[in-house]
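# Structural features, examined
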Amino acid sequence: MFVKPLKNFDRTLETAPDKSITHRAVMFNAFARGTAVVTNALLGEDCLSTIACMRALGADISVDGSTVRVTGAPAFRDAALYAGNSGTTTRLLAGLLAGMGVTASIDGDASLRSRPMRRVTEPLTAMGADITSTDGKAPLYIKPASLRGIDYKMPVASAQVKSAILLAGLHASGVTRVTEPVRSRDHTELMLRAMGADVRADGLTVSVRAGDLVSADVEVPGDASSAAFLLGAAAVVKGGRVTVKRVGLNPTRTGAFEVLRRMGADITVDSRSDGVEPYGDITLSQAPLSPFEITAEEVPSLIDELPLLAAVACYAEGTSVIGGAAELKVKESDRIATTAEALRALGGDVTPTDDGMIIRGRGGLKGGGKVNARLDHRIAMTAAVAALGSELGCEIEGAETAAVSYPGFWEIIC
Ligand code: S3P
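Below is a summary of the structure that appears in this document.

How each quantity is defined
- Residues numbered from 1 in each chain as written.
- Predicted model: local features only at pLDDT ≥ 70, side-chain atom pairs only at ≥ 80, totals over all residues.
- Heavy atoms only, no water.
- Buried < 20%, exposed > 50% of the residue type's maximum accessible area, 1.4 Å probe, protein only.
- Helix = DSSP H or I, 4+ residues; strand = E, 2+ residues; numbered from the N terminus.
- Pairing = 2+ DSSP bridges.
- Right-handed = clockwise from strand over helix to strand, strands pointing away.
- Salt bridge = Lys/Arg side-chain N within 4 Å of Asp/Glu carboxyl O.
- Core = buried A, V, L, I, M, F, W, Y, C linked by side-chain atoms within 4.5 Å.
- Contact = heavy atoms within 4.5 Å.
- Polar contact = N/O pair within 3.5 Å; in protein donor to acceptor, adjacent residues only side chain to side chain.
- Near = heavy atom within 4 Å.
- Areas by Shrake-Rupley, 256 points an atom, 1.4 Å probe, with all protein chains shown as cover.
- Nonpolar A, V, L, I, M, F, W, Y, C, P; charged D, E, K, R; others polar.
- Axes fitted to C-alpha atoms, helices over the stretch in contact; angles between N-to-C directions.
- Phe/Tyr/Trp six-rings, centres within 6.5 Å; stacked < 30°, edge-to-face > 60°.

### Side note on the pairing of strand β25 (residues 394–397)
- Of the two faces of β25, the one holding Cys394 and Ile396 is buried and the one holding Glu395 and Glu397 is not buried anywhere.
- The pairing of strand β1 (residues 2–3) with β25 spans 2 bridges and is classified as antiparallel. Along β25, the bridge assignment pairs Phe2 with Glu395.
- Bridge analysis of strand β24 (residues 370–372) against β25 gives 3 bridges, and the strand direction is parallel. Bridge pairing in β25 places Val371 opposite Ile396.
- Read from β24 through helix α12 (residues 377–388) to β25, the crossover connection turns out right-handed.

Pasting the structure below:
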């Protein structure tokens with residue numbers, strides 16, 4: 001795929017539906033009592049993996065356009081599950097299945113098989129789960145076991161790990177408590193509570209008690225992480241302007257918007273909060289950009305947007321620094337290495353560090369190189385945004401991986 005530079009970018013549009021919320025809406029309703037309708041669901045490859053897994057476990061799921069109807073299974077059946085590229089499917093299911101009395105395996109593609117799974121198998125084992133990994137990676141193997149609540153201090157801030165433990169806690173005796181070093185996205189807590197679970201949050205600690213869920217309809221907002229690519233495009237194209245409508249504005253997800261604002265982009269937000277998750281319209285108009293500094297405290301709220309922010313930093317004048325983000329190394333690719341590789345191919349000056357990167361912005365990029373997306377949707381889209389404001393554009397190999405989170409992305413920007 002060749003991405004040509006854009007002369008202008010002036011759009012009002014909706015973005016792809018939220019991936020994290022779609023996963024949860026399908027997965028949680030698949031074992032709840034009743035039938036739920038999930039509207040504006042993301043049918044990207046990752047969420048299709050979750051749908052396929054929940055069907056294999058016995059839930060009745062039908063898809064009509066972007067509406068997904070889910071009838072919970074009274075009990076799950078044994079299954080060999082394939083989660084494709086999706087870490088969220090794998091880790092959340094590991095926690096959910098641990099106490100559900102099934103024998104199951106969870107496997108995925110080459111990228112998924114390279115990602116760390118001890119972060120879920122260790123706490124689940126401490127709860128009494130019978131779960132084994134393959135040298136700390138997928139495939140995972142789960143057998144029936146009785147679980148007991150634990151009080152777990154997470155070494156890294158991760159919504160996937162937190163969610164896995166809370167889901168296991170729904171089938172454990174006593175109270176299950178999990179404490180994070182920094183607050184990560186709280187979609188699991190909000191949705192479980194809306195479905196009747198006894199979930200309580202107190203600072204960085206979340207606790208849950210065993211209980212059944214009652215199905216709940218979910219209207220999925222736009223994905224803040226996908227919207228960030230559209231805002232990024234408007235930020236790097238001269239005279240760029242974009243309004244993204246109905247974007248999820250959960251504050252645990254909007255760090256990238258704050259950073260773009262700090263950089264000098266002109267951002268306005270019109271927010272509403274009439275449901276479980278806040279959402280609204282966000283507009284960005286291009287303006288001269290200053291460099292940024294991002295530290296550990298802020299990282300969970302923009303973890304998936306860091307490659308994109310690094311691309312935008314190439315369009316600022318001066319040195320931007322990302323620190324406290326070692327988690328980037330264990331995403332769909334090693335995003336410290338792959339972001340640096342992609343932006344350098346376009347002429348960017350990016351130095352990887354142990355826990356982030358240093359970007360020396362020169363007010364723009366020349367472009368002209370070739371980027372390999374390395375099986376990572378966000379690297380493909382980062383390279384695309386970097387190319388849109390450049391002089392020469394760039395060739396992206398493996399561009400189709402964008403469909404993992406953003407089907408339709410290429411039609412918008414090409
Ligand atoms: C996600 C949590 C984050 C994020 C991922 C989706 C989720 O991962 O990077 O894209 O839906 O819970 P970690 O929990 O590993 O930080």
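So much for the structure itself; the text now carries on.
### Looking at the pattern of salt bridges
- Under the defined criterion, the tally for this structure stands at 28 salt bridges.
- Measuring nitrogen to oxygen at the nearest pair gives 2.8 Å for the salt bridge that ties Asp223 to Arg253. Highlighted residues: Asp223 in the loop between β16 (218–219) and α8 (224–236) and Arg253 in the loop between β17 (241–248) and α9 (255–263), separated in sequence by 30 residues. Taken as a pair, Asp223 and Arg253 share a single burial class, namely buried.

### Brief notes about the nonpolar core
- Counting residues in hydrophobic clusters, the biggest one holds 78 residues, and the most contacted among them are Leu306 and Trp410.
- Sort the elements by how many residues they give to this core and α8 lands first, with 10 residues.
- Once you skip the residues sitting within four places of it in the chain, Trp410 turns out to touch Met1, Val3, Ala380, Ala384, Ile396, Ala399 and Ala402.
- Of all hydrophobic cores here, the second largest spans 67 residues; its members include Ala94, Leu147, Ala172 and Met195.

### A closer look at the side chain of Ser163
- With respect to the element layout, Ser163 can be found in helix α6 (residues 159–169).
- A polar contact of 2.7 Å, which involves the side chain of Ser163, links it to the side chain of Thr188.
- Residues within four places of Ser163 in sequence aside, it is in contact with Arg24, Leu92 and Thr188.

### Here we look at the site of the ligand
- The environment of the ligand is formed by Ser20, Arg24, Thr88, Arg91, Ser158, Ala159, Gln160, Arg185, Ile303, Asp304 and Lys331.
- At 2.7 Å from an oxygen atom of the ligand is found a side-chain nitrogen or oxygen belonging to Ser158.
- Within the side chain of Asp304, one N or O atom sits 2.7 Å away from an oxygen atom of the ligand.
- Taking 380 Å² as the accessible area of the ligand by itself, protein coverage stands at 96%.
- Those elements giving two or more residues to the shell around the ligand turn out to be α1 (19–29), α3 (87–98) and α6.
- Residue composition of the shell around the ligand, by class: 2 nonpolar, 4 polar and 5 charged.

### Let's talk about the sheet that holds strand β21 (residues 317–322)
- A sheet is described by the order of its strands in space; here 4 strands give the open sequence β20-β21-β23-β22, paired in mixed fashion. Across the chains shown, the open sheet's two edge strands, defined by having one partner strand only, are β20 (293–294) and β22 (349–353).
- Direction of pairing for β21 relative to strand β23 (residues 356–362): antiparallel, over a ladder of 6 bridges. Counted as the bridge partner of Thr319 is Arg360 from β23.
- The strands touched by helix α10 (residues 306–313) within the sheet are β20, β21 and β23, with β23 carrying the most contacts at an inclination of about 25°.

### Concerning the packing of aromatic side chains
- Applying the stated rule across the entire model yields 4 aromatic pairs.
- On the numbers, 6.3 Å between centres and 75° between planes, the contact of Phe229 with Phe409 is edge-to-face. Placement of the pair is Phe229 in helix α8 and Phe409 in helix α13 (residues 409–413), with a sequence separation of 180 residues.
- Measuring from ring centre to ring centre gives 5.0 Å for Phe409 and Trp410, while their planes differ by 75°; the resulting arrangement is edge-to-face.

### Side note on helix α5 (residues 118–126)
- Buried within α5 we find Arg119, Val120, Thr121, Pro123 and Leu124.
- Summarising the contacts, the buried residues of α5 are in contact with α3, β8 (130–134), β9 (137–143), β11 (151–153) and α6.

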